[in-house]
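Geometric and topological summary
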Amino acid sequence: SWTGYAWLGNVVRAEEGIVREVMLAAMSTMFIFALAIPEAFDDLRGGLYGPVVVPICYLVFRLLHLTMFWVASRRDPVLRRQVIRFAPSVLGATLILLVAAGTTGRTQTVLWALALAADYVGTLLGGASGWRLPSARHFAERHGLIVIVALGESIVAIGVGIAELPISWPIIGGALLGFGLSAALWWVYFDVTAAMAERALAEAPDADRPRLARDAYSYLHLPLITGIVLLSLGLKKVLEYVGDSEHHALSDPLTGVSLFALVGGVVVYLVGHVAFKWRTQHELYWPRLIAAAVLVALSPLLGQMPALAALAVVTLVPVALVAFETVHHAELRAQIRRGGHQHT
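I will try to describe carefully the structure that is included in this document. Source: prediction; values computed, not measured. (Residues numbered from 1 in each chain as written. Predicted model: local features only at pLDDT ≥ 70, side-chain atom pairs only at ≥ 80, totals over all residues. Heavy atoms only, no water.)

**Considerations on the overall build of the protein chain**
Note the following rule: Numbering of helices and strands runs from the N terminus, with a helix taken as a DSSP run of H or I at least four residues long and a strand as a DSSP run of E at least two residues long. We compute the radius of gyration from the C-alpha atoms alone; for a globule the expected value is 2.2 Å times N to the 0.38, where N is the number of residues. Categorising residues by exposure relies on relative accessible area from a 1.4 Å probe, with only protein chains included: less than 20% of the type maximum marks a residue as buried, more than 50% marks it as exposed, and the intermediate range marks it as partly exposed. Only heavy atoms matter for contacts: two residues are in contact if any of them lie within 4.5 Å across the pair. Each accessible area is a Shrake-Rupley result for a 1.4 Å probe, and residues are judged covered by the shown protein chains and nothing else. Think of it this way: Lys and Arg go in the positive column, Asp and Glu in the negative one, and His and the chain ends go nowhere. Where a charge lies is defined by one atom per residue type, namely NZ (Lys), CZ (Arg), CG (Asp) and CD (Glu).
A tally of regular secondary structure across the protein chain gives 14 helices and zero strands. In sequence order, the secondary structure elements of the protein chain are arranged as α-α-α-α-α-α-α-α-α-α-α-α-α-α. Here the protein chain has a C-alpha radius of gyration of 22 Å; the compact-globule value for 344 residues is 20 Å, and the two agree. Overall size of the protein chain, expressed as C-alpha extent along the three principal axes, is 65 × 60 × 35 Å. Looking at the protein chain residue by residue over its 344 residues, the buried ones come to 45%. Within the protein chain, contacts between residues at least 6 apart in sequence are counted, and of these 77% link residues at least 24 apart. Approximately 17200 Å² of the protein chain is accessible, and the part contributed by carbon and sulfur atoms is 69%. Across the protein chain, 25 positive and 24 negative side-chain charges occur, with their mean positions spaced 10 Å apart.

Okay, structure coming up:
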């Protein structure tokens, strides 16, 4: 949903014609969608049937998106053909979600996965040659913003985890470690990677730019956001462990889904960055792959350590990665920053 409107915002101006009204309508629809998310799988008693409200809101939201693209392409037959090729993925995904609303359990989960696949695979099969991307800077900025939003939510997750717990030294320590981990992940993306990717997108030939934008941003930002979402769950669980002395001792280790979310979130994020860098700069960046591999190798040990100690180790790895990159690539960073200011 986010990336679809990033593409739209790149070819229409939000303050012209009826675009502003359509955007407000889309925002209102997505707001209702968000309110219904807790009932996406299990309907609460009374009121509307949540599992149906969610796909209906999604359908309206995407139809508004398609309508605006249809209007924007009235003088561009190539873009209009691309919109037509894109439409089946939107309709197909929504129909699957509507079918899923009448199911439960594993069947419902599988249908949701199929809906996601219909959206992403359908978009891939529709090609990218007809899309328009006049402003690489705007497009890259939109996707940088969703990374910031997601990282901000990872900080919010810390507050959610301790909302009803009294403040304590373990909570303060865990909160600071969680903040440091989120800051390190922010640094990994925004220090130079975002600028280099934006420059690669801006310098790509017009015929290749839409495909690069689709691969690097519409697709490869998905694992970045997925990693941050998993991390948010892991941070929330760590703070619950260290703050809830009635149910958990400070020596209790993270296990199961909680440990997977904490470690796996950072691993998915780092591997996503390696893929993002490969697609934009054709460079396989080993330090981030090594950092991800270190976390995977340490997972059995982390599962035996107290939750707060495990968080400290998980935080240390990306912080050490950032320190290495800052020192080892100091001259390159300076060149990129100087070039970025000149480009701006």
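**Examining the packing of helix 6 (residues 136-161) against helix 8 (residues 193-203)**
For any two helices packed against each other, one specifies the crossing angle of their axes together with the interaxial distance. Worth spelling out the cut-off: In this analysis, axes come from line fits to C-alpha atoms, helices being fitted only over the stretch in contact, and the angle between any two N-to-C directions falls in the range 0 to 180 degrees. Handedness of a crossing is defined here by the sense of rotation of the near helix relative to the far one, left-handed for an anticlockwise turn of less than a right angle and right-handed for a clockwise turn.
At their nearest, the axes of helix 6 and helix 8 sit 9 Å apart, and the two run at 145° to each other. For the pair helix 6 and helix 8, the sense of crossing is right-handed. Residues Ala136, Arg137, Phe139 and Ala140 of helix 6 form the contact with helix 8, whose participating residues are Glu198, Leu201 and Ala202.

**As for a nonpolar patch on the surface**
The condition is simple: Nonpolar side chains (Val, Leu, Ile, Met, Phe, Trp, Tyr) within 5 Å and like charges within 9 Å form the patches, drawn only from residues with over 30% relative accessible area and no salt bridge. Here, a salt bridge means any Lys or Arg side-chain nitrogen found within 4 Å of an Asp or Glu carboxyl oxygen.
Among the surface-exposed residues, Trp2, Leu145, Ile148, Val149, Trp186 and Trp187 lie close enough to one another that they form a single nonpolar patch of about 530 Å² accessible area. Listing elements by their share of the nonpolar patch, those giving two or more residues are helix 6 and helix 7 (169-190). Considering each element in turn, the nonpolar patch owes the most residues, three residues, to helix 6. Its location among the elements puts Leu145 in helix 6.

**What to know about the pattern of salt bridges**
A full pass over the atoms with the stated rule returns nine salt bridges. A salt bridge links Glu141 to Arg142, with the shortest nitrogen-to-oxygen separation between them at 2.9 Å. Notably, a salt bridge pairs Glu325 with Arg288, separated by 2.8 Å at the nearest N-O pair. Highlighted residues: Glu325 in helix 13 (residues 307-328) and Arg288 in helix 12 (residues 286-302), separated in sequence by 37 residues. Of the residues examined, Glu325 reaches a relative accessible area of 7% and is grouped as buried.

**Let's talk about the side chain of Ser258**
Considering the arrangement of structural elements, one finds Ser258 in helix 11 (residues 256-281). Look at Ser258 and you get buried, because its relative accessible area is 11%. What Ser258 contacts, discounting residues up to four positions off in sequence, is Gly234 and Lys237.

**So, the nonpolar core**
Keep this limit in mind: Definition used in this section: a nonpolar core is a set of buried Ala, Val, Leu, Ile, Met, Phe, Trp, Tyr and Cys residues joined via side-chain atoms within 4.5 Å.
Of all hydrophobic cores here, the largest spans 74 residues; its most connected members are Tyr217 and Tyr269. In contact with Tyr217, other than residues within four places in its own chain, are Phe139, Ala140, His143, Tyr189, Ala197, Glu198, Leu201, Leu212 and Phe276. Membership of the second largest hydrophobic core comes to nine residues, among which are Ala40, Val54, Cys57 and Leu97.

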